Amino acid sequence: MLGEIGQILLILALLAALLQSALPLVGAQRNLPSLVAVARPAALLQLAMVLGAFVVLTLAFVRQDFSLRYVADNSNSLLPVIYRYSAVWGAHEGSLLLWALVLALWTAAVAAFSRHLPAVVVARVLAVMGLVSVGFLAFLLFTSNPFERLLPAPLEGHDLNPLLQDPGLILHPPMLYLGYVGFAVPFAFAIAALLDGHIDVRWLRWTRPWTNVAWAFLTLGIALGSWWAYYELGWGGWWFWDPVENASFMPWLAGAALLHSQAATEKRGVFIGWTLLLAIAAFALSLLGTFLVRSGVLTSVHSFAADPARGLFILVFLALVIGGSLLLYALRVPGLGGDARRGYALNSREGLLLANNLLLSCACAMVLLGTLYPLLADALDLGKVSVGPPYFGTLFLLLMAPLVLLLPFGPLTRWQREQGLRPLALLAPWAGLALLLGVVAWFMAPQGRLKTAAGIAAAVWVAAGTLYVLWQRLRGGGRPSAETTGMLLAHFGIAVFVVGALLVEALSIQHEVALAPGKSVQAGPYELRFEGVDASNGPNYHSDRGHVRVLRNDAEIALLHPEKRTYASGGMPMTEAGIHPALGGDIYVALGEPLGDSAWAVRVQVKPFVRWIWLGAILMALGGFVTAVDRRFRKLPGRS
Amino acid sequence: MSDSNPTPPRRLPPVAVFIGALFFFGLVALMLYGVARSDRPDRDTLPSALIGKPAPSFVLPVLHDPNVKVKSTELLGAPYLLNVWGSWCPTCRDEHPILTRFAETKRVRVIGYNWKDERADALRWLEQLGNPYMLVLADEEGRTALDWGIAAAPETFLVDDHGIVRWKYSGAITQDVLDRQLIPALEKIEAAGKGKAQR
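Residues numbered from 1 in each chain as written. Chains lettered and ligands numbered in written order. Predicted model: local features only at pLDDT ≥ 70, side-chain atom pairs only at ≥ 80, totals over all residues.

Colleague: Quick one: what's the story with the overall build of chain A, residue by residue and with numbers?
Modeller: Within chain A one finds 20 helices and ten strands. Against the globule reference of 26 Å for 640 residues, chain A gives a C-alpha radius of gyration of 26 Å, in line with a compact fold. Principal-axis analysis of the C-alpha atoms places the extent of chain A at approximately 80 × 75 × 55 Å. Intrachain contacts of chain A at a sequence separation of at least 6 include 75% that bridge at least 24 residues. (Helix = DSSP H or I, 4+ residues; strand = E, 2+ residues; numbered from the N terminus. Rg over C-alpha atoms; globule rule 2.2 N^0.38 Å. Contact = placed C-beta atoms within 7 Å.)

Put into structure tokens, the structure is as follows:
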């Protein structure tokens, strides 16, 4: 019964989404208030239906209803209860349902918080979001139905992919989707403005908090994924430039550019066309990311089973949405009012924001090219190529270096026209301090001098520049607005992130050794004593659990338990690294292969400042959230 | 604000429209191609230009005794599996247990090809993880690897008794690859060999 209820709710959701998209569009175009008024209730109805379907699928997992194919494929009776909830989005069908649910939530939020906007604008925005919902709900119903029956029902199910049976991965997909899908709001606004053929900069003010919140969620989602890869894959790396990581990173870069260009457009009326294009691009890249992950077009650790029918469906949808948006853009944007004619000197905050946007867009294009290049080379018969960290790492560093250098100037530079080198003069002492500390770091670093020095200098530069702006604002009287505070928090987060990213690369110590019980290995200041491996059992796995004592100057500081888990459902063994976390650096131990005579291959790493990477990301996300609550965004804009 | 002054209608420059359209349709075509090939089981094994052609000739030192050089012609007469690895390559470590188990069956000579590696590191690696290879060739500078078209490790070639490359796999060998690809390819070579012997 449950499965059929879910099925019916999904169909009703599709119908509601159709209503939500078709009627308000017609109403807005023909000026029919009765049709315009359909948008809000339809959006709420759609949310109720999708939420209902989601609850039904969750219930099926909790009750272990193996007569649903999706449940039988992705859980079994041994699966711990917490993972029965997260298994709902553990594979293709359910994660698409989550996508649809998150979109419905964002849509309902727009419906709820847009009372002060003109009804026609809201109707168009909700209609565009409804169109996207129609696509995803149809995709679910026609190619990826999570409520498909498996009759006769098996007594036992398979398993949730063991890689996903991890606390870090419970929240990773919802966060990521809240980010991805959140970009639908600025996108829908851009399309609504283009349909209208008229843009009111005050409406744009209304979309800014949405972009900030979406971007902040995406930041958290990516950080969670990176943290998970760090402790679960057993390599101690935190970013691999894997196609699927790139798929989430491209919208992040475009979103970061969009945040900045929206601010410029809202405050100065510049970059209007560019902001609209970025809003389209950020969401288009989110869709592309979803497509790349779902279709199996690129091979990656995240690939789900490839099915050309699914791939084709979502590709056609993607082409229609993106192609249609770009066509609309090309037709309508020239009439929208000029940004070139609103004058500003290159030496101005507008000029710096332009540089920010160019650099972020180039980085995004670089990631796109690198991600798709293997496919392109294959299509053109250029042979096999793999584009790896050397390409991404080098180019990304090249593009981000000027961004970090220019960053502290941004908030200090005046709009429209700056007088000569005023900001440089203000920041000169701090630049000197950054250089000085960089040089000190150069001489103190035991290894990786260039990266250590660059990391310290860049971080001090950004942090000092950011704190200087804060000091200047505080001295100028009054509290800085939430918008300013958020911006400064996020910029400070970048400084923290830079410390983590560069110092971990420069100063990491890594040893791969064979250890028999009782033997030790020295890693930096630490002595790690291997005390053997014993067998233990988890709820649904068998584990080889190692014991490694960490000593410093003969005093014990930690006892680590790296594990190698073999799940009852079979498959590759999973690594659980043993980590002693600390702000100054992690001690990281992972078990390799057994070598006989109770000796094991053990990977030992010391990772200085690795936590700062995620700490920086959390600060950036926090900055996004804080910016979004600025009172200015809540003020009722007067009628134009 | 800017919206209050109506601006005369303009058009996007044709060049921008053209580039945009080219980019968009190019991307769509590329994705279509990707979707079309996404269900091919062999999409991970990118074809090698060498399949069906004679293996490149080489003279390489033996890892364990650099004074001894092995010529490619010395390996003719029976099929061999050439496994490219390096101690710097994490994925090689992943495939190691599977390769070891297969080598223990003694079905075919398994020859290691130590690529762009430090001799000491390579020897230590084998000592730690076990040495499944009948023989390990060392290509420290990677010159010979160019002839083989080796772009990444691990990579594995199956060469038949006449020195013709019959099969190639890029990436870590799994049990599945072993059962479904390597062993069938090997059986084909063995069957051809038997056919000739009977004649």
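There's more to say after this.
Colleague: Help me get a handle on the confidence of the model for chain B, residues and values and all.
Modeller: In low-pLDDT regions, the fine details of the predicted coordinates are not to be read closely. All names here are of chain B. Confidence in the prediction for chain B averages 81 pLDDT; 85% of positions are at 70 or higher. The secondary structure element of chain B with the lowest average pLDDT is helix 4 (residues 143–148), at 77, and the one with the highest is strand 3 (residues 80–85), at 92. Note that pLDDT drops below 50 for residues 1–9; the model gives that stretch 15 contacts with residues more than four away or on any other chain. A low-confidence stretch, residues 41–46 stays under pLDDT 50, and its non-local contacts, those more than four residues away or across chains, total nine contacts. Among the scores for the predicted complex, ipTM is 0.82 and pTM is 0.81. (pLDDT = per-residue confidence, 0-100.)

Colleague: Give me helix 16 (residues 422–444) of chain A: which residues, what numbers.
Modeller: Residues and elements named next belong to chain A. In this model, helix 16 (23 residues) spans 34 Å end to end at C-alpha, consistent with the 33 Å of a helix rising 1.5 Å per residue. The largest bend in helix 16 amounts to roughly 50° and is located at Ala428, with the proline Pro429 lying one to four residues further along. Restricting attention to buried positions, one finds in helix 16 the residues Pro423, Leu427, Ala434 and Ala441. Buried positions along helix 16 lie against helix 17 (449–475). (Expected span 1.5 Å × (residues − 1). Bend = angle between axes of the 7 residues up to and from the residue. Buried ≥ 20, exposed ≤ 12 C-beta atoms within 10 Å, placed from the backbone.)

Colleague: Explain the sheet that holds strand 1 (residues 509–515) of chain A to me, using residue names and the numbers behind them.
Modeller: All names here are of chain A. Across the sheet, four strands lie side by side as 1-10-9-8; this open sheet has antiparallel pairing. The open sheet has two edge strands with one neighbour each: strand 1 and strand 8 (578–580). Mean inter-strand twist for the sheet, computed between neighbouring axes without regard to direction, equals 15°. Sheet topology places strand 8 next to strand 9 (residues 585–596); three bridges connect them, and they run antiparallel. By the bridge assignment for strand 9, Ile579 is matched with Tyr588. (Pairing = 2+ DSSP bridges. Axes fitted to C-alpha atoms, helices over the stretch in contact; angles between N-to-C directions.)

Colleague: Quick one: what's the story with the packing of helix 12 (residues 272–295) of chain A against helix 13 (residues 308–332) of chain A, residue by residue and with numbers?
Modeller: All names here are of chain A. Two elements in contact, helix 12 and helix 13, have axes whose closest approach is 10 Å; the angle formed by their N-to-C orientations is 175°. If you check the angle between helix 12 and helix 13, you find them roughly antiparallel. Side by side, helix 12 and helix 13 meet where Leu276, Leu277, Ile280, Ala284, Leu287, Leu288, Phe291, Arg294 and Ser295 of the first sit next to Arg310, Gly311, Ile314, Leu315, Leu318, Val321, Ile322, Ser325, Leu326 and Tyr329 of the second. Partitioned by chemical class, the residues of the contact of helix 12 with helix 13 number 14 nonpolar, three polar and two charged. (Parallel < 35°, antiparallel > 145°, perpendicular 65-115°, else oblique. Nonpolar A, V, L, I, M, F, W, Y, C, P; charged D, E, K, R; others polar.)

Colleague: Any details on the nonpolar core? Residues and values, ideally.
Modeller: All names here are of chain A. Judged by nonpolar contacts, the single largest core of 219 residues is most densely connected at Ala100, Leu103, Ala184 and Leu253. Tallying contributions element by element places helix 10 (residues 201–232) first for this core, with 18 residues. Every residue in contact with Leu103, bar those within four places of it in the chain, is listed here: Met129, Val132, Ser133, Phe136, Val181 and Ala184. (Core = buried A, V, L, I, M, F, W, Y, C linked by C-beta atoms within 7 Å.)

Colleague: If you had to explain the sheet that holds strand 4 (residues 109–115) of chain B to someone new, which residues and values would you point to?
Modeller: Residue and element names in this part refer to chain B. The mixed open sheet is built from five strands, whose spatial order is 5-4-3-6-7. Each end of this open sheet is capped by a strand with a single partner; those strands are strand 5 (135–139) and strand 7 (165–170). Taken over all neighbouring pairs, the strand axes of this sheet differ in orientation by 20° on average, direction set aside. The sheet contact formed by strand 4 and strand 5 spans five bridges and is parallel. Each bridged residue has a counterpart across the sheet, and for Gly112 the counterpart in strand 5 is Val136.

Colleague: Can you lay out the pairing of strand 5 of chain B for me, pointing to particular residues and giving the numbers?
Modeller: When you tally the buried positions in strand 5 of chain B, you get four out of five residues, the bulk of the element. Where the polypeptide runs from strand 4 of chain B across helix 3 (residues 119–129) of chain B and back to strand 5 of chain B, its parallel neighbour, the crossover connection is right-handed. (Right-handed = clockwise from strand over helix to strand, strands pointing away.)

Colleague: Help me get a handle on the domain arrangement of chain A, residues and values and all.
Modeller: Residue and element names in this part refer to chain A. When its domains are assigned, chain A resolves into domain 1 (1–160), domain 2 (162–420) and domain 3 (509–612). Here the C-alpha centroids of domain 1 and domain 2 sit 25 Å apart. Across the boundary between the two partners, domain 1 contributes 28 residues, which contact 30 residues of domain 2. Counting residues per element, the ones that place at least two in the side of domain 1 that touches domain 2 are helix 5 (81–86), helix 6 (92–112) and helix 7 (119–143). When residues in the side of domain 1 that touches domain 2 are grouped by element, the largest group, ten residues, is from helix 7. Partitioning the side of domain 1 that touches domain 2 into residue classes produces 19 nonpolar, seven polar and two charged. (Domains from an automatic or database assignment.)

Colleague: Account for helix 12 of chain A, with residues named and values stated.
Modeller: Given a rise of 1.5 Å per residue, 24 residues ought to cover 34 Å, and the 34 Å separating the end C-alpha atoms of helix 12 of chain A matches this to within 8%. Among the 24 residues that make up helix 12 of chain A, 22 are buried, leaving the element largely enclosed by the rest of the structure.

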